[in-house]
Amino acid sequence: MSDKLLLELFERVLTLEEKVAVLEKVACSTQSGVCESECVSEVKGKYRYLSDYLLSSNEDVIPLTFGEIEKILGEKLPPSAREHRAMWANTQTHSLSRAWFNIGFRTTEVDIDNERVKFERIRFTSEGKATMSKYQPLGQYLEKSGKEKIELSFSEIERILGFRLIDSLRKHQIAWYGASEKSPTHVWKKVWCSYGYQVDTVSLDDERVVFYKI
């Protein structure tokens with residue numbers, strides 16, 4: 001199976017996950033406050049304490065160390081949480097991630113080496129679409145530059161975003177290209193499209209990308 005086909009399948013999975021999350025959130029919002037208790041009830045065991053903590057914080061962005069999370073849980077995180085970045089992915093495939101994802105939060109920064117993670121409340125527009133605040137700093141940076149063409153290294157983009165680029169963007173040129181803001185593709189593409197930019201060229205070897213103003 002080609003890299004292009006694999007990436008397209010991966011994009012479809014992410015799109016479906018986003019739609020499911022939106023539908024769950026919209027459905028919850030119509031239940032007059034019943035949502036939070038029902039969503040938390042789907043989180044099993046010790047991880048409910050993390051759900052309760054995030055919901056009661058009333059903050060949109062909540063940075064925590066692994067140690068602080070363990071104090072909230074009352075016991076140690078599983079060893080895989082310190083070994084594998086995937087354990088902090090925004091998905092419903094394992095009980096740890098359901099502690100934040102089921103209640104309308106997502107992880108936006110994960111630093112395994114320094115044992116830190118940042119949770120961010122998912123905001124929804126009036127049309128029920130999740131906002132894309134994780135990648136918005138890049139779109140805002142491009143818009144502010146006002147340049148017809150702007151070249152950035154991967155490390156510069158990571159400094160702008162505040163987190164490391166995912167592997168797909170480091171390994172596949174196609175992951176950078178998108179037809180338009182409305183095309184069914186990754187959220188990062190939608191962000192720079194929504195700010196009036198497209199990707200011109202990408203060099204994976206040099207880790208550089210050139211954006212152009214539409």
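Scroll up for the structure.
Residues numbered from 1 in each chain as written. Predicted model: local features only at pLDDT ≥ 70, side-chain atom pairs only at ≥ 80, totals over all residues. Heavy atoms only, no water.

K.L.:
What am I meant to see in helix α3 (residues 48-57) here?
P.N.:
Counting along an α-helix, one turn takes 3.6 residues, and residues three or four places apart therefore face a common direction. All buried positions along α3 are accounted for by L50, S51, L54 and L55. Axial view of α3: buried residues confined to an arc of 130°, hence all on one face. Two residues or fewer past α3, N58 is found with a positive phi of approximately 60°. (Buried < 20%, exposed > 50% of the residue type's maximum accessible area, 1.4 Å probe, protein only. Helix = DSSP H or I, 4+ residues; strand = E, 2+ residues; numbered from the N terminus. Arc of directions from axis to C-beta.)

K.L.:
Whenever I open this one, the sheet that holds strand β6 (residues 208-213) confuses me. Can you help?
P.N.:
Consider a sheet: its strands pair through backbone hydrogen bonds, and that pairing is either parallel or antiparallel. Reading across the sheet, the three strands line up as β4-β6-β5 and stay open at both edges, with antiparallel pairing between neighbours. With partners counted over all chains shown, the strands left at the sheet margins are β4 (149-153) and β5 (197-203), one partner each. Between one strand and the next, the sheet's axes are offset by a mean angle of 25°, whatever the strand orientation. Bridge count for β4 against β6 is five bridges, and the pairing is antiparallel. Within β6, the residue paired with K149 across the bridge is Y212. The strands that helix α7 (residues 136-145) touches are β4, β5 and β6; relative to β4, the one it contacts most, it runs at about 140°. (Pairing = 2+ DSSP bridges. Axes fitted to C-alpha atoms, helices over the stretch in contact; angles between N-to-C directions. Contact = heavy atoms within 4.5 Å.)

K.L.:
Explain helix α8 (residues 154-161) here, please?
P.N.:
Listing the buried residues of α8 in full gives F154, I157, E158 and L161. Down the axis of α8, the buried side of the element spans an arc of 100°, and every buried residue falls inside it. Tucked into the core, α8 has its buried residues touching α7, β4, α9 (167-171), β5 and β6. Just past α8, the residue G162 takes up positive phi, approximately 90°.

K.L.:
Looking at this model, I keep getting lost on the packing of aromatic side chains. Mind explaining?
P.N.:
When we look at a pair of aromatic rings, we describe it by the centre distance and by the angle of the planes. For the structure shown, the criterion picks out six aromatic pairs. When the centroid spacing of 5.3 Å and the interplanar angle of 25° are considered together, the rings of F154 and W176 count as stacked. Here W176 lies in the loop between α9 and α10 (187-194) and F154 lies in helix α8, a separation of 22 residues in the sequence. In terms of burial, F154 and W176 fall into one category: buried. Among the aromatic residues, those joined into a ring-pair cluster are F66, W88, W100 and F119. (Phe/Tyr/Trp six-rings, centres within 6.5 Å; stacked < 30°, edge-to-face > 60°.)

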